[in-house]
Amino acid sequence: MPARLSDTELFTELEPAAGKLLERHLKMAKEWMPHEYVPWSRGRDFDVEPWTPDQAKLTGVAQIAFEVNLLTEDNLPSYHNEIMNAFGRDGAWGTWAHRWTAEEGRHSIVIRDYLLCTRNIDPVALERGRMATMETGYSTGGKKPLEVMSYVAFQELATRISHRNTGRFSDDPVADKIMARISLDENLHMLFYRDSVSEALKADPSSAVSAIAAEVMRFEMPGMDMPGYRRKALQIAKAGIYDLRVHHDEIIWPLLRHWGVFEIEGLDAQAEQDRKALQEFLDELDRSATRFEAKRDAALAKAERRGTGPIV
């Protein structure tokens, strides 16, 4: 079996494919204007009429989901830096990183404008959250470039699903339209990274399988370091917006099946070991998702019997 490639060798070999994927992306991407999605007629001056909690129309969980999604998007400068460091600033990889960053920038713009214009969130708390999140920043923790590529494939799909479910859960057609539009961007970004990993699997299958396995088993959303994230993520999971079942069924497995991770032959011993560990992890993740669903369903049934209903 062939020896593993160095990072430089691999990304040099993948450069032509990256160029083709970038060209495909530019043909598929649609220009859109954030300001056209915001209901400006609902806006009022905060210095004249300060924000109060009763002005919000979104439910508590929907507010939390929008806040988490927005603060995650706000950390774009850190993501840009990490992507550039991992993929390089030259050629198709550098061009992609800049284009990806420019497109991602629209997301925080439109979500923030919507939330502030509709008064669906405390603007002071939101700004303090933005400051705290960006001051913390984001780091890949020294991941190898191929690991970063694998991670962002999963992360872009997870963000697409999270945004789309948040819009649907909002019970606001305007919010739903905004999150649907953002999700289209996230899907195209996922396709670029997904198919880049596919090319890496052709060029160096053992390194790619090891990287995929590592990123599945240690996956965390990039907003993990924002204030109160774990508490908010649990509330989002209890509402069914993004939980272990969604993560297992709609994020991890669709990509693993697309790449054919468990069908690839000729792997080296380390990759085989990593793939075995991945299968064991997935089995436990499935069991954990089932336990969480059962616990959540039991809590909802108990609340209904008491007549209290779910807390949202």
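Please refer to the structure placed before this passage.
Rules behind the numbers
Here the residue index of a chain counts from 1 through its sequence in written order. The predicted nature of this model means local features are confined to residues of pLDDT at least 70 and side-chain atom pairs, given and counted, to a pLDDT of 80 or more, with totals for whole chains, interfaces and linings taken over all residues. Neither water nor hydrogens contribute to the side-chain values; these are computed over all heavy atoms in the structure. Note on conventions: DSSP H or I runs of at least 4 residues are helices, E runs of at least 2 residues are strands, and numbering of each starts at the N terminus. Radius of gyration here is computed from C-alpha atoms only, and the compact-globule reference equals 2.2 Å multiplied by the residue count raised to the power 0.38. Throughout this description, buried means an accessible area under 20% of the type-specific maximum (1.4 Å probe, protein chains only), exposed means over 50%, and partly exposed covers the range between. In what follows, a contact means two residues having at least one pair of non-hydrogen atoms within 4.5 Å. In this tally Asp and Glu are treated as negative and Lys and Arg as positive; neither His nor the chain ends contributes. Positions of charges follow a simple convention, taking NZ of Lys, CZ of Arg, CG of Asp or CD of Glu. The length a helix should cover is 1.5 Å for every residue beyond the first. N or O atoms within 3.5 Å of each other form a polar contact, as long as, within protein, one can give a hydrogen and the other can take it, and as long as residues adjacent in sequence are counted only when both atoms are side-chain atoms. Centres within 6.5 Å are what make two rings of Phe, Tyr or Trp a pair, Trp counting through its six-membered ring; a difference in plane orientation under 30 degrees is then read as stacked, over 60 as edge-to-face, and the rest as tilted. Only when the NZ atom of a Lys or the CZ atom of an Arg is both within 6 Å of the ring centre and within 35 degrees of the ring normal do we say a charge sits over the ring. What is meant by a nonpolar core is a set of buried Ala, Val, Leu, Ile, Met, Phe, Trp, Tyr and Cys residues, joined one to another through side-chain atoms within 4.5 Å. The rule for a salt bridge is simple: a side-chain nitrogen of Lys or Arg has to be within 4 Å of a carboxyl oxygen of Asp or Glu.

Of regular secondary structure, the protein possesses 11 helices and zero strands. Taking 20 Å as the expected radius of gyration for a compact globule of 312 residues, we find that the protein reaches 21 Å, a close match to that expectation. Expressed along its principal axes, the backbone C-alpha trace of the protein runs to roughly 70 × 45 × 30 Å. Going through the 312 residues of the protein one by one, you find that 54% of them count as buried. A separation threshold of at least 6 residues defines the contact pool for the protein, and within that pool the share at least 24 residues apart is 84%. Averaging the locations of the 40 positively and 50 negatively charged side chains of the protein gives two centres separated by 5 Å.

Attention now goes to helix H7 (residues 173-203). Under the 1.5 Å per step criterion, the end-to-end length of H7 is 45 Å for 31 residues, consistent within 8% with the ideal 45 Å. Between the side-chain oxygen of the N-cap and the backbone nitrogen of valine 174 there are 3.0 Å, and the N-cap of H7 in question is aspartate 172.

As a further point, take the environment of aspartate 195. Here aspartate 195 shows up in helix H7. Separated by 174 residues in sequence, aspartate 195 and leucine 21 have C-alpha atoms that sit 7.7 Å apart. Other than its neighbours up to four places away in sequence, aspartate 195 contacts Leu21, Arg24 and His258. There is a polar contact of 2.9 Å between the side chain of aspartate 195 and the side chain of arginine 194.

Attention now goes to the packing of aromatic side chains. Under the criterion given, the structure shown has 14 aromatic pairs. Judged by centre distance (5.4 Å) and plane angle (75°), the rings of tyrosine 79 and tyrosine 138 are edge-to-face. Of the two residues, tyrosine 79 sits in helix H3 (residues 76-87) while tyrosine 138 sits in the loop between helix H5 (123-136) and helix H6 (145-169), which places them 59 residues apart along the sequence. For the pair formed by tyrosine 79 and tyrosine 138, the shared burial category is buried. A centroid spacing of 5.6 Å and a plane angle of 85° characterise the contact between tryptophan 96 and tyrosine 193, whose relative ring orientation is edge-to-face. Placement of tryptophan 96 in helix H4 (residues 91-117) and of tyrosine 193 in helix H7 is noted, with a sequence separation of 97 residues between them. Here the two residues tryptophan 96 and tyrosine 193 agree in accessibility, since each one is buried. Feature note: the residues Phe11, Phe87, Trp93, Trp96, Phe192 and Tyr193 constitute an aromatic cluster, connected by ring pairs. For arginine 119, the ring lying beneath its charged end belongs to phenylalanine 46, and the centroid distance is 4.1 Å.

Let us look at the environment of arginine 24. Checked against the element boundaries, arginine 24 lands in helix H1 (residues 7-28). For the pair arginine 24 and aspartate 243, spaced 219 residues apart in the sequence, the C-alpha separation amounts to 32 Å. Ignoring anything within four residues of it in the chain, the contact list for arginine 24 reads Leu191, Phe192 and Asp195.

A few words now on H6. Helix length check: H6 (25 residues) gives 35 Å between terminal C-alpha atoms against 36 Å at 1.5 Å per residue, within 8%. After H6 finishes, the residue aspartate 171 shows a positive phi value of roughly 60°.

Below, the discussion takes up the nonpolar core. Of all hydrophobic cores here, the largest spans 86 residues; its most connected members are Phe87, Phe154, Tyr193, Ile212, Leu256 and Trp259. When residues of this core are assigned to their parent elements, the largest contribution, 12 residues, is made by H7.

Now for the pattern of salt bridges. The final tally for this structure, using the stated rule, is 22 salt bridges. Measuring nitrogen to oxygen at the nearest pair gives 3.1 Å for the salt bridge that ties glutamate 284 to arginine 287. With a gap of three residues between them, glutamate 284 and arginine 287 both fall in helix H11 (residues 269-306), about one helical turn apart. By relative accessible area, glutamate 284 is classed as partly exposed at 32%. What makes arginine 287 partly exposed here is its relative accessible area of 44%.

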